[in-house]
Amino acid sequence: MVSILTNSSAIAALQTLRSLTSHLDETQQNISSGLRIGEASDNAAYWSIATTMRSDNKSLSAVHDALGLSAAIIDTAYAGLNSVIDILGEFSAKLVASKQDGVDKGKVQKELDQLKQAVTGIANSASFNGQNWLKTDLSDIFDPNVTRTSLVASTTRNGAGDFATQMLDFSLADVSLFNSTGGGLLQRDPRDVNTIGGIRSFDPDPSYDATPYIQESGEDGWMFPVSAGPRYAGFSFDFPAKDGLDFSVPGAEIQFDLILDQEASNPYGSTGTTGNLQEIPGPFSPGVPFTGITITKADVDASLGVSVGGIVKTNTEFAKVLNDKLNTLGASVSADGIMPDPTNDKRYIHDPEHMAIWSLELHGPGSYIEIANLTTTNIGTGGLVEKSRYGQRGSGTVLGFESFQLGKVGDTEEGVRVDFKFSINGQPATSHSFDRAYVNTLLNRDDGRVETADDMVTLLKSLLDADWKLVIEAASPNEIIIKSDPDFDRETGYGSSLAFSNIRVNIEPIPSLNFLSIDVAEHPESVDAYITYMNTATQRIIDGTSSLGALRSRVDRQTDFVQSLMDANTSGIGTLVDADMNHESTRLKALQVQQQLSIQALQIANSQQQSILQLFN
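None of these values were measured; they are calculated from a predicted model.

Asker: Can you walk me through the pattern of salt bridges in this structure?
Answerer: Two side chains with opposite charge may pair up if their charged atoms get near one another. Going through the model one piece at a time under the given rule, you end up with 16 salt bridges. Note that Glu-508 is salt-bridged to Arg-200, the shortest N-O span being 2.6 Å. Residue Glu-508 is located in the loop between strand S29 (498-505) and helix H10 (527-577), and its partner Arg-200 is located in strand S7 (residues 200-203); the two are separated by 308 residues in the primary sequence. For Arg-200, a relative accessible area of 2% translates into the label buried.

Asker: Looking at this structure, how should I read the sheet that holds strand S16 (residues 331-334)?
Answerer: Strand pairing in a sheet relies on backbone hydrogen bonds. The paired strands run either parallel or antiparallel. Strand order in the open sheet made by the three strands is S11-S19-S16, with antiparallel pairing throughout. Looking at which strands have only one partner, the edges of the open sheet turn out to be strand S11 (234-238) and S16. Strand-to-strand twist across the sheet, computed as the mean angle between neighbouring axes with direction ignored, equals 20°. Against the sheet, helix H7 (residues 315-326) engages S11, S16 and strand S19 (354-359), with an angle of about 170° to S16.

Asker: What should I look at first to understand the sheet that holds strand S10 (residues 227-228) in this one?
Answerer: Taken in spatial order, the four strands of this open sheet run S10-S29-S24-S25, and their pairing is antiparallel. The open sheet terminates on both sides in strands that have one partner only, identified here as S10 and strand S25 (430-435). As paired elements, S10 and S29 share two bridges and run antiparallel to each other. Bridge pairing in S29 links Ser-227 to Ala-499. In this fold helix H9 (residues 453-464) packs onto strand S24 (417-424), S25 and S29, with an angle of close to 135° to the strand it touches most, S25.

Reading the values: the criteria
- Residues numbered from 1 in each chain as written.
- Predicted model: local features only at pLDDT ≥ 70, side-chain atom pairs only at ≥ 80, totals over all residues.
- Heavy atoms only, no water.
- Salt bridge = Lys/Arg side-chain N within 4 Å of Asp/Glu carboxyl O.
- Helix = DSSP H or I, 4+ residues; strand = E, 2+ residues; numbered from the N terminus.
- Buried < 20%, exposed > 50% of the residue type's maximum accessible area, 1.4 Å probe, protein only.
- Pairing = 2+ DSSP bridges.
- Axes fitted to C-alpha atoms, helices over the stretch in contact; angles between N-to-C directions.
- Contact = heavy atoms within 4.5 Å.

In structure tokens, the structure reads:
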């Protein structure tokens, strides 16, 4: 049907042209912006994701910059520590050189002072952007909450959309050379527990079970456990080495009584803590008497052989004769003394006169020996004298108390830990330990400090009472008595002993002096201690430098990861919203052709209407 009012063909052509124009505008917009989804209206979900990821990428870019700043701070500290290690090597070499005889230690000290200034100069200047990790101002360098420094590492967004920043944590205690409150790598460690309240002592040359230790004065030696050994009943006498003893004279004999192992409470009347240690309750054993002990030519020949003809020439021979008589009774005699060599050919030689006699303690817990009613016929005494001697209790000692503090170690409450063993009278030792948390709970404190002798008594009782019957009490602010309970233990002499042993502190060895206080001119006797200290301090700095190296590697890896993450985010955003330019350009050309065809179709549709109108002309 043909109508002069409605041109259906033109309308259809016009609609097609409008649609093509809309698509053409859209395609041209995509090409000009490069985006397939440029607004929320294009695709709300994809637009939201892309917008969020672009925001995250900006944060990651900031993290990337922050990691670069962190790397610079680490590199500054690392360079400083490396330089200090070199200087400390030179410092140690000069200490070794100062041991050479004839070296002017005053001049060496001037060189050492210059090296000290070089170290402090490095520590002062190792700063980047106001941050100095080598010279710190930390209130407590052993509190991880105080020493922790955090470096920005990354940002994350979880499934719920929550945003968070990830940090790299590092402890400045690992690298600080000098800290305002102490504890730096070149400073004395304030966590030093010293004698641990008196259960160990300092000695320049102990004989056993010792921990290397350098005092603040520079004197080196060891901390070794306190013990109280046996103090037996015995006395000495001098054999007449020039004259000897001649039992070949008719009727020659020595006769005496021997009393062994009687008991007494505090037999020497000691007062104070010593008297306290020696007291035991009664009743007391009177000991065992052996009367009428006689030594004749027959005894000498039986001990030394008939070839001697009853003549005793040396103290060693006399000791053998006496031992053959007395050992089975419960006493022993020796002639093992030494004396300086008067000819200087040897350092020491056998002492030809000195002899000693003591109880073997075979008759109960007492320790006592007495020679009484000594008589001789046609011969001298051989130096043997009427004399007596009590042994003393060794199952007690006095601890010289000094306050101490168990510091922090890491981020746990346990802190510094002390382990030790304890034994009485040679019985199997028991193991014990305590740490900062234990002390705080026991003494109701929060600083790990054992402040008074009473505190130490409380601590020792809590550790030892379950295994031993002891008396532990504060005799004064500076003295603590610890002994076996005399109501249960009466042993004296050989049978009595008390010993702390195997004392270990989990943070030792630690620096117990300051690098800047080293002075070979003022303390030439401490050079060996200084060398030992330098080895320990240098190793700590090497460990700190290693920690920085590990941190730098981690920062580098994190930097690479952040860059990769940014690239991945950018690629992901492009996949979601970027326009495919090949597709869009091809589509543009197609739409332009379709647009031309639509225009021509519209012209044709309009031309048909013009032909109809000509019928009315």
